[in-house]
Amino acid sequence: MPGSFRIATIAGIDIHINLSWIIILLLLTVSLATGLFPRSFPGFTSSTYFLLGLVSALLLFVSVLLHELAHSFVARARGLPVKNITLFIFGGVSNIEREPRSAGADFQVAIVGPLASLLISGICYALWALLTRGADNPIAAILLYLAAANLLLGLFNLIPGYPLDGGRILRAIVWKFTGNINRATNIAAAIGQVVAISFIIWGIFLFFSGNSFGGIWIAFIGWFMLGASQAARTQSTFEDTFHNITVQEVMSHNVILIPANISLQRLIDEYILPQGLRSALITQGEQFAGLITLSDIRHIPREQWATTPVGFVMKPVSQLHVVAPGQNLRDVITLINDRDINQLPVVENGRLLGILSRDAVLRALEVRRRLGIKQETEQDQHQPTSS
Ligand SMILES: [Zn+2]
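The shown structure was predicted, so the numbers you read here are calculated from the model rather than taken from an experiment. (Residues numbered from 1 in each chain as written. Predicted model: local features only at pLDDT ≥ 70, side-chain atom pairs only at ≥ 80, totals over all residues. Heavy atoms only, no water.)

A word on unusual backbone geometry
Threshold: For the purposes of this entry, the term helix denotes a DSSP run of H or I that reaches at least four residues, the term strand denotes a run of E that reaches at least two, and both are numbered from the N terminus. Accessible area is worked out with a 1.4 Å probe on protein chains only. A residue is then buried under 20% of its type maximum, exposed over 50%, and partly exposed in between.
A cis geometry characterises the amide bond from Y162 onward to P163, with omega recorded as 10°. Examined against the element boundaries, P163 turns out to sit in the loop between helix 4 (138-157) and helix 5 (165-178). Phi angles above zero are rare outside glycine, and A11 is one such case at about 50°. With respect to the element layout, A11 can be found in the loop between strand 1 (4-10) and strand 2 (13-18). Residue N349 is not a glycine yet carries a positive backbone phi of 50°. Within the fold, N349 resides in the loop between strand 9 (343-348) and strand 10 (351-357). Exposure remark for N349: the relative accessible area of 72% places this residue in the exposed category.

Structure, rendered in structure tokens:
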């Protein structure tokens, strides 16, 4: 997520905070310090209320983090690598790098988050009842607030619309019964869209009935959910269309290979300028050696262009992402999207066979979509292949 920075690493998982989270921390502190706490626990100074608000907001952040850690730990125990956890304006998100292999694992990863929140709520409530015996003191206020907030967090996340945990739980159940993860994602995401639109309408309604802050807030959550559920639908349609297409069916064979021993000047005069190339593929004998881009060339002083071999300046193949011709397009798309790559060399046994561009992938999707070509997906085909 752009605008995020790392604050800690817990059990090998990086914890990131998005700048938008700081806004919500401040808003929550102010709203607790001027609203809920003075109303429910009167008789303290305003600085006490602010301290209470800040401590409660930070502890709520710890609660959200525990919710995400629960998802992440279960995901890792099921063999799914976790990139990081990011806390942002609408809560937290665990960046799990792969889809689960089975509906059972999907279900476990999804449900453990709300369970963690409900457990925290129960513990806070029990502590409140046992330690403070209902007394009106600051600790009682914080514990009761955390019990209520975590209860809401757990229940809210159980709403069965993707991207909420409830939507993932629903997806796991549909996946179990249909054996088709993409169909399951589509159904959960469609319900997610309905939930999201309901939130937006509810938010607008609240806004016009006087609760402008709450209204805007709820509408924003709905708007965020709508984006995420639409993205999930697009993604699953994408995967449904692509799951048994290989790289070689879409790649371009039309590549210009340039020997590594020519000078930069020759590369520019004979290849780059006449053909309007923005990058060039370099070979050493029969073997694919690397890739050179305009910015690589720009870093070399002009007077050295005539004497510097291309091979000295190119990015060697060891530093490039390459794909194999038989690789599944679905896995390659993940690579293209995650690393924001425009073209990938297709290499087999060290030899360059072609180039796979983002445009070609999108065109292939568009053509298949228009022809209505879709394949039935079977559960076993969703085991991630190495990429
Ligand atoms: Zn969750």
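Brief notes about the pairing of strand 6 (residues 279-284)
Using the following cut-off: At least two DSSP bridges between two strands are required for those strands to pair. Classification remark: right-handed applies to a crossover when, strands pointing away from the viewer, the course from the first strand over the helix to the second runs clockwise.
Among the six residues in strand 6, five count as buried, and that is most of the element. As paired elements, strand 5 (residues 257-259) and strand 6 share three bridges and run parallel to each other. Looking at the pairing, P259 lines up with T283 of strand 6. Each parallel crossover has a hand, and the one from strand 5 via helix 9 (residues 264-275) to strand 6 is right-handed. Direction of pairing for strand 6 relative to strand 7 (residues 287-293): antiparallel, over a ladder of six bridges. Residue pairing in the sheet places I282 in a bridge with G290 of strand 7.

Some details on the coordination of the zinc ion
How we decide: A 2.8 Å cut-off from the metal defines N, O and S donors, relaxed to 3.2 Å for Na, K and Ca; water is not in the atom list, so some sites may appear incomplete. The rule is simple: four donors are tetrahedral if all their angles sit between 85 and 135 degrees, four are square planar and six octahedral if opposite donors span more than 155 degrees and the others lie between 65 and 115, and anything that fits none of that is irregular.
Every protein donor of the zinc ion is accounted for by H67 (NE2), H71 (NE2), D165 (OD) and D165 (OD), and the metal-donor separations fall at 2.0 to 2.6 Å. If you look at the zinc ion, its four donor atoms make angles of 55 to 149° with each other, and the shape they trace is irregular. Here the donor residues of the zinc ion are spaced in sequence according to H-x3-H-x93-D. Linking H71 in helix 2 (residues 46-77) with D165 in helix 5, this pair joins segments that are 94 residues apart in sequence.

A look at the UniProt feature "active site" (unreviewed entry) in the protein
Applied cut-off: UniProt positions are given in the numbering used here, feature names are shortened, and annotations may be inferred rather than shown by experiment. Here, residues are in contact when the closest pair of their heavy atoms is within 4.5 Å.
Here, UniProt's "active site" (unreviewed entry) annotation points to E68. Tracing the chain through its elements places E68 in helix 2. Here E68 falls in the buried class, since its relative accessible area comes to 7%. Leave out the neighbours within four places in its chain, and E68 touches I85, G92, V93 and S94.

Some points on a nonpolar patch on the surface
Our working definition: Here, patches come from residues exposed beyond 30% relative accessible area and free of salt bridges, joined within 9 Å for like charges and within 5 Å for nonpolar side chains (Val, Leu, Ile, Met, Phe, Trp, Tyr). Computed with the Shrake-Rupley method and a 1.4 Å probe, the accessible areas treat only the protein chains shown as cover for residues. Each salt bridge in this description consists of a side-chain nitrogen of Lys or Arg and a carboxyl oxygen of Asp or Glu lying within 4 Å of one another.
Among the surface-exposed residues, I204, F207, F208, I216, F220, W223 and F224 lie close enough to one another that they form a single nonpolar patch of about 740 Å² accessible area. Every element with two or more residues in the nonpolar patch is listed here: helix 6 (181-208) and helix 7 (212-242). In terms of residue count, the dominant contributor to the nonpolar patch is helix 7 (four residues).

Looking at the domain arrangement of the protein
So the rule is basically this: Where each domain starts and ends comes from a domain assignment, either automatic or drawn from a database.
For the protein, the domain assignment lists domain 1 (4-241) and domain 2 (247-381). Centre-to-centre, using C-alpha coordinates, domain 1 lies 41 Å away from domain 2.

Regarding the pattern of salt bridges
Scanning the entire structure with this criterion turns up four salt bridges. R6 is the partner of D14 in a salt bridge, and the nearest nitrogen-oxygen pair spans 4.0 Å. Under the relative-accessibility criterion, D14 is labelled partly exposed at 25%. Residue D106 is joined to R171 by a salt bridge in which the shortest nitrogen-to-oxygen separation is 3.0 Å. Here R171 lies in helix 5 and D106 lies in helix 3 (residues 103-132), a separation of 65 residues in the sequence. The same class applies to D106 and to R171, which are both buried.

Some details on the UniProt feature "binding site: Zn(2+)" (unreviewed entry) in the protein
The condition is simple: Polar contact is the term for a pair of N or O atoms within 3.5 Å; when the atoms are in protein, one must be able to donate a hydrogen and the other to accept it, and sequence-neighboring residues count only if both atoms are side-chain atoms.
The feature "binding site: Zn(2+)" (unreviewed entry), as annotated in UniProt, sits at H67, H71 and D165 in this numbering. Maximum C-alpha separation among the annotated residues is 10.8 Å over a sequence range of 99 residues, consistent with a single clustered spot. Not counting chain neighbours up to four residues away, the residues in contact with H71 comprise S94, V109, A110, V112, G113, P114 and D165. Side-chain polar atoms of D165 contact the side chain of H71, separated by 3.1 Å.

Quick notes on the sheet that holds strand 1
Short version of the rule: As a rule, the C-alpha atoms of each element are fitted with a line to give its axis, helices using only the stretch in contact, and angles between N-to-C directions run from 0 to 180 degrees.
Spatial ordering of the open sheet is given by 1-2-3-4, a layout of four strands whose pairing is mixed. Either end of the sheet is taken by a strand with one partner, and the two such strands are strand 1 and strand 4 (91-96). Here the average twist between neighbouring strands, direction ignored, is 25°. Where strand 3 (residues 82-88) meets strand 4, six bridges bridge the pair, whose relative direction is antiparallel. Note that in strand 4 the partner of F88 across the bridge is G91.

A closer look at the layout of surface pockets
Heads up, the condition is: Only protein atoms enter the 1 Å grid used here. Points where a 1.4 Å probe fits but cannot escape make up a cavity, open sets with protein on both sides within 12 Å along at least five of seven lines make up a pocket, and a residue lines them when an atom lies within 4 Å of a point. Grid points are joined across faces, edges and corners, and a volume is the space filled by probe spheres set on the points. By the convention adopted, Pro, Cys, Tyr, Trp, Phe, Met, Ile, Leu, Val and Ala count as nonpolar, Lys, Arg, Asp and Glu as charged, and the other residues, Gly among them, as polar.
When its volume is computed, the second largest pocket comes out at roughly 690 Å³. Taken together, 24 residues line the second largest pocket, and the ones lying closest to its centre are S279, L291, N342, Q343 and I355. Listed by contribution, the elements that provide at least two residues to the lining of the second largest pocket are strand 6, strand 7, strand 9 and strand 10. Partitioned by chemical class, the residues of the lining of the second largest pocket number eleven nonpolar, nine polar and four charged.

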